[in-house]
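Chain by chain, the residues run as shown.
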Amino acid sequence: MTPDLPTPTLPQALVLLDYFGIAVFAVSGALLAAEKRQTLVTFIFFAVATGVGGGTLRDLLIGAPVFWVHTNGTLLICIVAALSVWVVRRGRLDGRALLWFDALGLGAYATYGAAKAVAFGVAPVPAFAMGVLTACAGGIIRDVLAGQPSILMRPELYVTAAALSAGLFVGLALVGMAPWAAALVAALSGFALRGAAIGRGWSLPAYRG
Amino acid sequence: MTPDLPTPTLPQALVLLDYFGIAVFAVSGALLAAEKRQTLVTFIFFAVATGVGGGTLRDLLIGAPVFWVHTNGTLLICIVAALSVWVVRRGRLDGRALLWFDALGLGAYATYGAAKAVAFGVAPVPAFAMGVLTACAGGIIRDVLAGQPSILMRPELYVTAAALSAGLFVGLALVGMAPWAAALVAALSGFALRGAAIGRGWSLPAYRG
Amino acid sequence: MTPDLPTPTLPQALVLLDYFGIAVFAVSGALLAAEKRQTLVTFIFFAVATGVGGGTLRDLLIGAPVFWVHTNGTLLICIVAALSVWVVRRGRLDGRALLWFDALGLGAYATYGAAKAVAFGVAPVPAFAMGVLTACAGGIIRDVLAGQPSILMRPELYVTAAALSAGLFVGLALVGMAPWAAALVAALSGFALRGAAIGRGWSLPAYRG
């Protein structure tokens, strides 16, 4: 099931962005727990589920060892994120700043997810789907656990920005661009599109039957 | 984890029904997105999650490579299904016709799921469960994502029809019937029971404590 | 993915507690189906999902073969549990007794989950997380399927008791205590903490922003 492939040799900068993405998503899980007036244990549970949920699903689907199971660091990042949100008064967190961090995490995580899938020999269309899943599934799990409508159901450009990053990476890799360059273009494009959604309120048209 | 078994050599007709089932379930996901007035991106997300969700869970549980990861075709079927629902005005889709297509997909998918589990060396009772899961989990995931009560919570004969197909296939295979014959009997029986539920309103008694 | 390790050689008593935990959680799933006035098929679906959900997620994450796939007994326990709840009038089930059975199951299941993860070479922090997941994920899946707020969102000491058992087992194993002794201490401590929550109404403080 796990092919004897080397793990993907992505640019070191992207690996850093991977940890950055985990931390940002963990914070967003803990913030929802704060909004729902939960206990510290629930803060940690939400931070972990949101921080590692998307990448976990990706690894299970592509047959890779789940990335956080053989190391302590990843879960500790999520736990520290939860404790930080608990300690810092929420009023002091600039919600707007978090939106922008989250946008950066979204582009990087979608790109990283697609790149890891390609490195594991996944076909192009599913590799694209893996990028979208990696970036979005954590937030969906967070919303389902909290019993609130998921990010999927809002018209703003969120999944779409993840799809842009994942699609660009797979497309550019197919036409032979160097992985590091494809990753850079893909991550920045998704970040820019999500930024436009935040800054200018861009959204997609909804279905009118 | 993945035994070195050949993938199941099911009758070609059933493999066609497998694709048919994926398409039908993908359409049902996109129709729910339409009902909820979602964007095209959400249509695609729902179509994919509903179309491949049940089979994905089955493959993860039995330790098989996830069926849509090493090919582009399966996801493309789901994407085309989502686009079709977006383009065709919904009023023109005969809801009744869709119910019957769905019934056909249900019987085929439950049978195919049980047959694949048997081919991977799964024990009889879990193989039966795999058939039920393959047919029902996609719809459950769809309902949870949309935040609505799942098909599980309705008294109509839906899960029961899947259970009939899965149970018949496993039982007939155990007593030595040829796989293609067992599959035919199982798929048609589940379809017939689901058809009776649609046509005559058959349902199960609910619990009265 | 699956290391060629022997399955964990846990004390026989703990293996019995594992089956006890599955049965208790299956009963709790069927009881929710009863409360929601569901059909017998839904009783069984809920009993199976709640009874094996947590352990299934654990096995997928650590790369172990899913524990109920190659045997008939586990699912049969869940099915018998569902039938029993259906037959016995619910008024005759002492809700208080069930809470205490559930507390015993929680401590045992959290300990068993952590022990299995350690036996499969999982790092300490993720092994702790596996114990918590094994004990809690079944109940979370049950609540999400039924469309009700999950156990996560209540302040009572539930996840915390699981965390105590899982954390103690991993910690005591790290400092070299014999597995059977660590398991005993861990399971009883989680049971005691959950018992205090039931008997004395202990709960955690909620976040006040």
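Residues numbered from 1 in each chain as written. Chains lettered and ligands numbered in written order. Predicted model: local features only at pLDDT ≥ 70, side-chain atom pairs only at ≥ 80, totals over all residues. Heavy atoms only, no water.

Right, let's get into the packing of helix H2 (residues 40–62) of chain A against helix H5 (residues 124–146) of chain A. All names here are of chain A. At their nearest, the axes of H2 and H5 sit 8 Å apart, and the two run at 140° to each other. Relative to H5, H2 is oriented oblique. Note that H2 runs across H5; the crossing there is right-handed. Touching Phe45, Phe46, Ala49, Thr50, Gly53, Gly54, Gly55, Leu57, Arg58, Leu61 and Ile62 of H2 are Met130, Leu133, Thr134, Ala137, Gly138, Gly139, Ile141, Arg142, Leu145 and Ala146, all from H5. Here the residues of the contact of H2 with H5 are counted per class, giving twelve nonpolar, seven polar and two charged. (Axes fitted to C-alpha atoms, helices over the stretch in contact; angles between N-to-C directions. Helix = DSSP H or I, 4+ residues; strand = E, 2+ residues; numbered from the N terminus. Parallel < 35°, antiparallel > 145°, perpendicular 65-115°, else oblique. Left-handed = near helix turned anticlockwise from the far one by under 90°. Contact = heavy atoms within 4.5 Å. Nonpolar A, V, L, I, M, F, W, Y, C, P; charged D, E, K, R; others polar.)

In the Ramachandran plot, Arg37 of chain A falls in the positive-phi region, its phi being about 55° despite a non-glycine side chain. Relative to the helices and strands, Arg37 of chain A is located in the loop between helix H1 (12–35) and H2.

On the surface, Trp180, Leu184 and Leu188 of chain A cluster together to form a nonpolar patch covering roughly 360 Å² of accessible area. Residue placement: Leu184 of chain A occurs in helix H7 (residues 179–200). (Patch = residues over 30% accessible without salt bridge, like charges linked within 9 Å, V, L, I, M, F, W, Y side chains within 5 Å. Areas by Shrake-Rupley, 256 points an atom, 1.4 Å probe, with all protein chains shown as cover. Salt bridge = Lys/Arg side-chain N within 4 Å of Asp/Glu carboxyl O.)

Take the packing of aromatic side chains next. Scanning the model with the defined rule gives 15 aromatic pairs over all chains in all. On the basis of an interplanar angle of 50° and a centroid distance of 5.2 Å, the ring pair of Tyr207 of chain A and Phe43 of chain B is categorised as tilted. Here the residue Tyr207 of chain A occupies a position in the segment after H7, and Phe43 of chain B occupies one in helix H2 (residues 40–62), the pair thus bridging two chains. In this pair, the class of Tyr207 of chain A matches that of Phe43 of chain B, namely buried. Between Phe25 of chain C and Tyr109 of chain C the ring centres are 5.4 Å apart and the planes differ by 50°, which places this aromatic pair in the tilted class. A residue pair is termed long-range when its members are at least 10 positions apart, and Phe25 of chain C in helix H1 (residues 12–35) and Tyr109 of chain C in helix H4 (residues 95–119) qualify at 84 residues. For Phe25 of chain C, a relative accessible area of 3% corresponds to the buried category. Put simply, the rings of Phe43 and Trp86 of chain A together with Tyr207 of chain C pair up and form one aromatic cluster. Its end group placed over the ring of Phe67 of chain A, Arg58 of chain A keeps NZ or CZ at 5.6 Å from the ring centre. (Phe/Tyr/Trp six-rings, centres within 6.5 Å; stacked < 30°, edge-to-face > 60°. Buried < 20%, exposed > 50% of the residue type's maximum accessible area, 1.4 Å probe, protein only. Lys NZ or Arg CZ within 6 Å of the ring centre and 35° of its normal.)

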